[in-house]
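Given next are the chains, with one letter for each unit.
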Amino acid sequence: MSTATAAQDWKLVIHGGAGIIERAQMKPDKEKELRAGLDRALEAGARLLASGGSAVDAVEAAAKALEDDPNFNAGRGSVFTYDGGHELDAAIMDGRDRAAGAVAGVTRTKNPISLARAVMAQGDHVFLGGAGADQFSREQGLEQVPPDYFSTPERQRQLDELKAREHSAFDTEVKYGTIGAVALDSHGHVAAATSTGGLTGKRWSRIGDTPVIGAGTYADDRACAVSATGAGEYFIRAAVAHSICARIQLKGESAQAAADAVIADVGALGGSGGVIVVTPAGETVDAFNTPGMYRGTASAQGRKVAIFGDE
Ligand code: ASP
């Protein structure tokens, strides 16, 4: 339970996806761009937290910065569906009262994380999907963009390659570029946000873990805030984000022990990916069973980004 009475240290952790991300394959220019993009997102969230802003505002701001960056698989830069479109998923959750908002399969909203926030703020529902979510977005006055706003040549190449190989449902390069943020604000509250284009070549209105509250996204002031990235089907089956919070709350595990145990469980099912976690006590951890994960942390002490597993 959050018992913070005085202003406490704020924390922000972000990710830009996990996967087969290795030094040998990374071009120096691309690495620079990716690190700069992560740092910009940290800066956007940290600015709010440093001036006493809320965790939920900070995770939305950080997520928006990553959605606007074409290098990540969320917002601009989202992967293509099998039919050559984009279907975006996002969720946000406020640890104060476990208010949550989520959207799946939206096609026109520039920043799906802000649409999830609008669902949370409107309050009647938690989870909207497809054409109805697009309609709600227009009614809420959120910025709409043509579908090709989300398209980039690199994502087109990935779809073409997947089709050429008649690969399974999963990305050929196994890079989960989903983005997410978790924060602890100076009032002792936590929040989580996650946004994604899903998996390259997805069909049949497939929805991953990202917008599923308790799977890809969860926040509870009594335990922690979690944002996940990886092979969504496994993360849904392992109820990853809620399981980490439950282990902390009910078993008294440290955030690192809980995150490691749940990622090991995903691995045992055959899945790969990672999580970022923050607790109301100020623990910030990540855990992933892939070679790398785009990630970063910020606090009053400064900002740090990392990509590879050995950083
Ligand atoms: N978890 C996302 C999904 O399954 C993919 C990702 O993390 O990039 O939709």
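Below, the structure is looked at part by part.

Basis of the calculations
Residues numbered from 1 in each chain as written. Predicted model: local features only at pLDDT ≥ 70, side-chain atom pairs only at ≥ 80, totals over all residues. Heavy atoms only, no water. Helix = DSSP H or I, 4+ residues; strand = E, 2+ residues; numbered from the N terminus. Buried < 20%, exposed > 50% of the residue type's maximum accessible area, 1.4 Å probe, protein only. Contact = heavy atoms within 4.5 Å. Areas by Shrake-Rupley, 256 points an atom, 1.4 Å probe, with all protein chains shown as cover. Lys, Arg positive; Asp, Glu negative; His and termini not counted. Charge placed at Lys NZ, Arg CZ, Asp CG, Glu CD. Axes fitted to C-alpha atoms, helices over the stretch in contact; angles between N-to-C directions. Parallel < 35°, antiparallel > 145°, perpendicular 65-115°, else oblique. Left-handed = near helix turned anticlockwise from the far one by under 90°. Nonpolar A, V, L, I, M, F, W, Y, C, P; charged D, E, K, R; others polar. Disulfide = S-S within 2.5 Å. Pairing = 2+ DSSP bridges. Phe/Tyr/Trp six-rings, centres within 6.5 Å; stacked < 30°, edge-to-face > 60°. Lys NZ or Arg CZ within 6 Å of the ring centre and 35° of its normal. Near = heavy atom within 4 Å. Polar contact = N/O pair within 3.5 Å; in protein donor to acceptor, adjacent residues only side chain to side chain.

## Section: the overall build of the protein chain
Item 1. Helices and strands together make up the secondary structure of the protein chain, namely 8 helices and 13 strands.
Item 2. Along the three orthogonal principal directions, the C-alpha set of the protein chain runs to about 55 × 45 × 35 Å.
Item 3. Going through the 311 residues of the protein chain one by one, you find that 56% of them count as buried.
Item 4. Of all intrachain contacts in the protein chain linking residues separated by at least 6 positions in sequence, the fraction that spans at least 24 positions is 70%.
Item 5. A total of about 12,300 Å² of accessible surface is found on the protein chain, and carbon and sulfur atoms cover 50% of it.
Item 6. Here the protein chain carries 31 positive and 40 negative side-chain charges, and the mean point of each set is 2 Å from the other.

## Regarding the packing of helix H7 (residues 240-251) against helix H8 (residues 255-269)
Item 1. Contact pair H7 / H8: the axes reach a minimum separation of 9 Å and the direction vectors enclose 140 degrees. One way to sum up the angle between H7 and H8 is to call them oblique. When the axes of H7 and H8 are compared, the crossing they make is right-handed. In this structure, H7 contributes Val240, Ser243, Ile244, Arg247 and Ile248 to the contact, and H8 contributes Ala255, Ala258, Ala259, Ala261, Val262 and Val266.
Item 2. Looking at side-chain class alone, the contact of H7 with H8 contains 9 nonpolar, 1 polar and 1 charged residues.

## Looking at helix H3 (residues 112-122)
Item 1. When you tally the buried positions in H3, you get 8 out of 11 residues, the bulk of the element.
Item 2. Taken as a whole, H3 has its buried residues at Pro112, Ile113, Ser114, Leu115, Ala116, Ala118, Val119 and Met120.
Item 3. Gly123 lies just past H3 and shows a positive phi near 90 degrees.

## Details of the packing of helix H1 (residues 28-50) against helix H2 (residues 55-67)
Item 1. Here H1 crosses H2 at 160 degrees, and the two axes come no closer than 8 Å. Classified by the angle their axes make, H1 and H2 are roughly antiparallel. As H1 runs across H2, the sense of the crossing is right-handed. The segment H1 lies against H2, with Gly37, Leu38, Ala41, Ala44, Gly45, Leu48 and Leu49 engaging Ala55, Asp57, Ala58, Ala61, Ala62, Ala65 and Leu66.
Item 2. When the residues that make up the contact of H1 with H2 are grouped by side-chain class, the tally is 11 nonpolar, 2 polar and 1 charged.

## A closer look at the state of the cysteines
Item 1. The tally for this structure, following the rule as stated, stands at 1 disulfide.
Item 2. The partner cysteine of Cys224 in its disulfide is Cys245, sulfur to sulfur 2.5 Å. The sign of the S-S torsion, about -110 degrees, decides the handedness of the disulfide formed by Cys224 and Cys245: left-handed. Here Cys245 lies in helix H7 and Cys224 lies in strand E9 (residues 224-230), a separation of 21 residues in the sequence.
Item 3. Given a relative accessible area of 0%, Cys224 falls into the buried group.

## A few points about the sheet that holds strand E10 (residues 273-278)
Item 1. Spatially, E8-E9-E10-E11 is the arrangement adopted by the 4 strands of the open sheet, whose pairing is antiparallel. The open sheet terminates on both sides in strands that have one partner only, identified here as strand E8 (217-220) and strand E11 (284-288). Between one strand axis and the next, the sheet turns by 10 degrees as a mean value, whatever way the strands run.
Item 2. Direction of pairing for E10 relative to E11: antiparallel, over a ladder of 5 bridges. Paired with Val278 across the strands is Thr284, a residue of E11.
Item 3. Of the strands in this sheet, E8, E9 and E10 are in contact with H7, which crosses E9 at around 145 degrees.
Item 4. Sitting on the sheet, H8 is in contact with E10 and E11, with an inclination near 15 degrees to E11.

## Side note on the packing of aromatic side chains
Item 1. Here the structure, examined in full by the defined rule, presents 2 aromatic pairs.
Item 2. Seen from their ring centres, Phe72 and Tyr294 are 6.0 Å apart, and the 85 degrees between their planes marks the pair as edge-to-face. With Phe72 in the loop between H2 and strand E2 (88-94) and Tyr294 in strand E12 (residues 292-299), this pair connects stretches of sequence that are 222 residues apart. For the pair formed by Phe72 and Tyr294, the shared burial category is buried.
Item 3. Ring geometry for Tyr149 versus Phe150: centroids 5.3 Å apart, planes at 75 degrees, classification edge-to-face. With respect to burial, Tyr149 and Phe150 carry one shared label: buried.
Item 4. The positively charged end of Lys163 is found above the aromatic ring belonging to Tyr82, 4.6 Å away from the centroid.
Item 5. Here the basic side chain of Arg203 rests over the ring of Tyr82, its NZ or CZ set 3.9 Å away from the ring centre.

## Looking at the site of the ligand
Item 1. Around the ligand, the neighbouring residues are Tyr176, Gly177, Thr178, Gly198, Leu199, Arg206, Gly208, Asp209, Thr210, Thr229, Gly230 and Gly232.
Item 2. Measuring from an oxygen atom of the ligand, one finds a side-chain N or O atom of Arg206 at 2.7 Å.
Item 3. Residue composition of the shell around the ligand, by class: 2 nonpolar, 8 polar and 2 charged.

Read these as spatial facts, not as claims about activity.
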